[in-house]
Amino acid sequence: MSSDQEKSVIIRFAGDSGDGVQLLGSQFLKTSAESKENFLTFPDFPAEIRAPAGTTFGVSAYQLQVGGIHIASPGDKADVLVAFNPAALITNLQYVKESGLILVNEDTFTERNLSKAGYDKNPLVDGSLGLFQMIRLPISSQVGEALKDSDLSKSEIERTKNFWALGLISWMFDRNIDSLTEWINNKFKNNNISNANIKTLEAGYSYGDIHEIEQKIPKLYTSKGAFDAGTYTAIKGSDAMAYGLAAAVEITNIPILFCSYPITPASPVLHSLAKHKDLGVETFQAEDEIAAICSAIGASYAGILGVTSSSGPGIALKTEAMGLALSAELPLVIINSQRGGPSTGLPTKTEQSDLNQAIYGRNGDAPIPVIASSSPSDNFYTAIEAVQIAIKYMTPVLLLTDGYIANASEPWMIPSINDIPKLDLVTNTSTEHTSQAKAFERNSETLARTWIKPGTPNEMYRTGGLEKDVLTGNISYDPANHQAMTDLRFKKIACLQQDLPEQKLSRNNGSKNLILSWGSTYGVIQETLNTCENLNADHLHLRHIYPLPANFTELVQCYEKILVPELNQGQLAKYIQAETSREVISFSKVTGQPFTVDEIKERIVGLEGTK
């Protein structure tokens, strides 16, 4: 790499699960934010809680693209790789650019560790890394020297090496480490641990200073970002989702009970909300997935909004209860942080694998609105919208995000709660009917029934999973009534469709080719179109998947070719073909990794030769 100022740089950290790679990446991210640089991250970690040290299946990685340009993806291949051991090097070399800079902890390249990683020869000396710039760093030795007078054990000293690397990388990118020192003091209450981490952080920083004279380690600079005026923070997708739910409480004035059972990668939303009970959302960790959604439904019946969250396998367990909420006409938000499947699948890897499950995955005719988030910060806004739809239409709502969005971070300008439109709740006030019939009076615009809180004087009513009379809500087995109730459920979706904003193009170049996307593919497609010249394509990104916006079919009919990139086997492509009778070109990927700019670019270029 050149030491001149770069528009953006892609950095990747890799090591054992116990090497603190995720912590290293997230704290370097903090210095990037303080330097007013744009960024987007991609934490990439294994499913094993703690795989045997030095093995390839236990490698954890953290990649980020940082710089002054508009950044919408974590980047393709890394300009800089920091590898803590041979396993980290062999598994991540494929993600480094040719002539990229590799920093390795040479102390770990022992015969035993090389064998564990699958190396026959030491790559640091056999010439196999000739296509890259390589810097061999005695990280473990340097950490030991820095803490030689410490009272810490050998293993405790070794665990501080991520801070040594953080210090060196901070020096390389001209970052101030004062805020890191402050964070360490606040994070680690044990003075010995705090002091040791600060010492190794400073030792890594000083190492860069010392070796700059030898030109062994380059200084790297990136341009500053251009941000609108406001207060910014680095927001993680799961935290944005939590804050969105809290904001929904504020703008609807309706409390939320968040009921969940731990599952990767959905658990961080529960963790975030549990730490912020002051935000107005109560949390409940249930004993299993079914108990979680049934508790949320109970909350909604009681007059507060129930929200539940899971990933694909857990959503499968919740499906019968979704039908209960639909039949009882209760508001409910179901958040699905998708991962690779089926079954246990790839718990820590991203995939858009549950679209069919969201649209169709219930018994009987059970239409439930489906919306999807497009980025970490967008989780905030989709959470609010899901709550508003659920309450306004008295229906369950499925909100799709995925492992990449949940774990990634990006800059976010904190909005004012006053700038978020409040939901105008319409309640029926008729006194002409019995309390049972009044509970099933319907708003003429939304077909939503009246939401009566149990205990309201003279308004006792019953509901449940058995089919109800369309007028009174009493149990009914009448054939014509079941037809009427089924029709009503679909009419409610049609009412929502008319209420959705008109679908607009994300990029309009006047092309005859259209890139159609949903979910987490938004960023990489935008970055491809913004950074690669002369790409002949417009872009349309879907937030509202079921129902589709009313003008969607008309909008896509004018395109000759429609390319649908998605991290599954073509689920959106098949759905769009069924809904619009338009032939589309499916571009699928199910590797557990997001699309890259190069992959999207190559496929767009290939449209010219596609019939």
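Residues numbered from 1 in each chain as written. Predicted model: local features only at pLDDT ≥ 70, side-chain atom pairs only at ≥ 80, totals over all residues. Heavy atoms only, no water.

Caption draft 1: Representation of empty space enclosed by the protein within the structure. One pass over the full model with this rule turns up three cavities of 30 Å³ or more. Of the voids in this model, the largest cavity is the one considered here, and its volume is about 90 Å³. Lining the largest cavity we find Leu-326, Glu-329, Pro-367, Pro-369, Tyr-393, Met-394, Thr-395, Leu-488, Arg-489, Lys-492, Ile-493 and Leu-496. By residue number, the principal contributor to the lining of the largest cavity is helix 17 (residues 479-499), which donates five residues. (1 Å grid on protein atoms, 1.4 Å probe; cavity = no way out; pocket = protein on both sides within 12 Å on 5 of 7 lines; lining within 4 Å. Points joined across faces, edges and corners; volume = space filled by probe spheres on them. Helix = DSSP H or I, 4+ residues; strand = E, 2+ residues; numbered from the N terminus.)

Caption draft 2: Inspection of the sheet that holds strand 21 (residues 585-588) at higher detail. The sheet built from four strands is open, its strands ordered 18-17-20-21 with parallel pairing. Every other strand in the sheet has two partners, leaving strand 18 (538-542) and strand 21 as the edge strands with one partner each. Averaged over neighbouring strand pairs, the angle between their axes works out to 25° when direction is ignored. Here five bridges tie strand 17 (residues 513-518) to strand 18, and the two strands are oriented parallel to one another. Along strand 18, the bridge assignment pairs Leu-516 with Leu-540. Seen against the sheet, helix 20 (residues 571-580) touches strand 17, strand 18, strand 20 (561-566) and strand 21 and runs at an angle of roughly 145° to strand 20. Here helix 21 (residues 597-605) sits on the sheet and contacts strand 17, strand 20 and strand 21; the angle it forms with strand 21, its principal contact strand, is near 160°. (Pairing = 2+ DSSP bridges. Axes fitted to C-alpha atoms, helices over the stretch in contact; angles between N-to-C directions. Contact = heavy atoms within 4.5 Å.)

Caption draft 3: Fine view of a nonpolar patch on the surface. Together, Phe-227, Tyr-232 and Met-413 line one region of the surface with nonpolar side chains, adding up to about 240 Å² of accessible area. Considering the arrangement of structural elements, one finds Phe-227 in the loop between strand 8 (221-222) and strand 9 (232-236). (Patch = residues over 30% accessible without salt bridge, like charges linked within 9 Å, V, L, I, M, F, W, Y side chains within 5 Å. Areas by Shrake-Rupley, 256 points an atom, 1.4 Å probe, with all protein chains shown as cover. Salt bridge = Lys/Arg side-chain N within 4 Å of Asp/Glu carboxyl O.)

Caption draft 4: Focus on the pattern of salt bridges. Enumeration according to the criterion identifies 18 salt bridges in this entry. For the salt bridge of Lys-219 with Asp-174, the shortest nitrogen-to-oxygen distance reads 3.5 Å. In this pair, Lys-219 is assigned in the loop between helix 8 (191-212) and strand 8 and Asp-174 in the loop between helix 6 (161-172) and helix 7 (178-187), connecting sequence segments 45 residues apart. A residue is classified by how much of its surface remains accessible, and Lys-219, at 13% relative accessible area, is buried. Residue Asp-174 is classed as partly exposed on the basis of its relative accessible area, which comes to 45%. A salt bridge links Lys-392 to Asp-499; its shortest N-O distance comes to 2.8 Å. Of the two residues, Lys-392 sits in helix 14 (residues 378-393) while Asp-499 sits in helix 17, which places them 107 residues apart along the sequence. (Buried < 20%, exposed > 50% of the residue type's maximum accessible area, 1.4 Å probe, protein only.)

These figures capture arrangement, not role.
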